[in-house]
Structure formats: structure tokens, C-alpha cells
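Listed here are the chains, written in short residue letters.
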Amino acid sequence: MTSPWQNVPMPASVARLPRNSAGRPVPASVAWYESDDDGSILVDHDPQLGGHITCVCAQGRGTPRFGEQCPVRQRQYMLQRQCGLCTETIAPSAQMAFVGETNAQYFIEPPLHQLCAAYALQVCPVLHATGDRIEVALTPSYTLAEDRITAVSTDGTLRHRAFPLGSPAASLLGVLNFYLAIPDTPERHVAPSWLARHAPTLLPPTTP
Ligand SMILES: [Zn+2]
Ligand SMILES: [Zn+2]
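Below is a summary of the structure that appears in this document. (Residues numbered from 1 in each chain as written. Chains lettered and ligands numbered in written order. Predicted model: local features only at pLDDT ≥ 70, side-chain atom pairs only at ≥ 80, totals over all residues. Heavy atoms only, no water.)

Moving on: the sheet that holds strand β6 (residues 134–139). Strands in a sheet are paired, the pairing made by backbone hydrogen bonds, and the direction either parallel or antiparallel. Pairing is antiparallel in the open sheet, where three strands are placed in the order β5-β6-β10. Of all strands in the sheet, those bounded by a partner on one side alone are β5 (96–101) and β10 (187–190). Averaged over neighbouring strand pairs, the angle between their axes works out to 25° when direction is ignored. Looking at chain direction, β5 and β6 are connected through six bridges and run antiparallel. The residue of β6 that forms the bridge with E101 is I134. Helix-sheet contacts for helix α3 (residues 114–123) involve β5 and β6, and the interaxial angle to β5 is about 35°. (Pairing = 2+ DSSP bridges. Helix = DSSP H or I, 4+ residues; strand = E, 2+ residues; numbered from the N terminus. Axes fitted to C-alpha atoms, helices over the stretch in contact; angles between N-to-C directions. Contact = heavy atoms within 4.5 Å.)

Okay, here's the thing in C-alpha cells:
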């Protein structure tokens, strides 16, 4: 039997995050919804990005929707090498962690500090439940691509296409949604075994 998530030592940078109603820290890249939000997708335009999806949510206001990324914060963290859990910048010399499905060629969730990845794998119910199908890819650097929405089918399904970052044609062909991170030299681990082998050495001192 696994111990409750409250027993997992919380990194100091994670302890500052807003919490959900159960008291769990909410990853910084997660989208928040307020009661007057009708769920419509907001599209903005500027010369640099062309059409792009935007968002007015604020961390800690309303209800977090786990599993859904805020496009504005997702793009900021990807561009600035900020941790998608705690928001702090990942040092240029550090190996960072991407968490996703086995053999993923790209990741939509921003990079994480290894300490934050170890914490999330132990505390997030979804990551915990999917266990062996989740992979931790360690890499010192990554290349970005653009996920753009190029069409809407008659049944409302959005069609996506990936473009190189900053491609001039891309801004004419689709609306920017997320950035995709492609790890440059991924060292891939199955999540539970990475956690078992490496997490103990990563854990922060327990706070009183
Ligand atoms: Zn948002
Ligand atoms: Zn972090």
C-alpha cells in the first residue's frame, strides 16, 4: 500500500503554489476556470506570432482543470526554460525532465526540475495510476516546434499541424496553440524505476 500524498516531502518552490480544494498544489501550467467562463477559445493576433490562442486565466482564481494547460503560461515556460510545476527557471547546466508517454517524440507539458518531476510522479493521481506507461526523458536542452490549428472540420474537430519554431509560413497557415518540446539528447527511463532509483537522492530535506 502506498502512503498518502501528504507524506511526500514538498519542494519549497512547490509549497508556494496555489492549492485545489483537496489541498494539492496545482502545477503552474494548469488552466484555471472562473464560474463566468463560457469555455470559448480566445484568438488574438500579433505580427510576431500571427494568430494565436490566448487566455485570461490567473493562477489561484477559480477552479483548476488538471490535465489542461494554459496556452499563455505553457508557451512562456517553454520559451523561457521555466519549470511547468513550480515556474522557476531551470539552470542552463541542469538535466531537466520531461514527463509523458513512452517513446514520445515531443512533449506538450513544459520541462520540469528533476526534483519537481519526482514530486509530481508521486503526488499526481493520473501519473501515479498510469505508472509503467509514463516515461521520464532527461535532457540538457530541447528544440521547440509550433503546434498550430490549421482547420476545423464540420463536426468541430480541430486539425493540428507542427511547424518549425518561427516559421514565417506557419503564421499564415494556422493559429498557434502550444509549443512542442523535442528533447535534444533524451535519456529515457520508465517512470516507476527512475523514481525508485533516483528520487531518494533528489528529495529535499523534510520541512518541520
Ligand atoms: Zn490561462
Ligand atoms: Zn520546478
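Before going further, it helps to examine the pattern of salt bridges. Counting across every chain of the model gives four salt bridges. Here E34 makes a salt bridge to R61, at a shortest N to O gap of 3.1 Å. A residue pair is termed long-range when its members are at least 10 positions apart, and E34 in the loop between β1 (30–33) and β2 (42–46) and R61 in the loop between β3 (50–54) and β4 (63–69) qualify at 27 residues. Salt-bridge contacts for E135 lead to R188; the nearest nitrogen and oxygen are separated by 2.6 Å. Residue E135 is located in strand β6, and its partner R188 is located in strand β10; the two are separated by 53 residues in the primary sequence. (Salt bridge = Lys/Arg side-chain N within 4 Å of Asp/Glu carboxyl O.)

The next point concerns the coordination of the zinc ion (ligand 1). Ideal coordination angles are 109.5 degrees for a metal with four donors arranged tetrahedrally and 90 or 180 degrees for a metal with six donors arranged octahedrally. Surrounding the zinc ion (ligand 1) are the protein donor atoms C55 (SG), C57 (SG) and C70 (SG), at 2.1 to 2.3 Å. The motif formed by the donor residues of the zinc ion (ligand 1), counted along the single chain, is C-x1-C-x12-C. Here C55, found in the loop between β3 and β4, pairs with C70, found in the loop between β4 and α2 (71–80); they are 15 residues apart in sequence, far enough to count as distant. Here C70 falls in the buried class, since its relative accessible area comes to 2%. (Donors = N, O, S within 2.8 Å, 3.2 Å for Na, K, Ca; no water. Buried < 20%, exposed > 50% of the residue type's maximum accessible area, 1.4 Å probe, protein only.)

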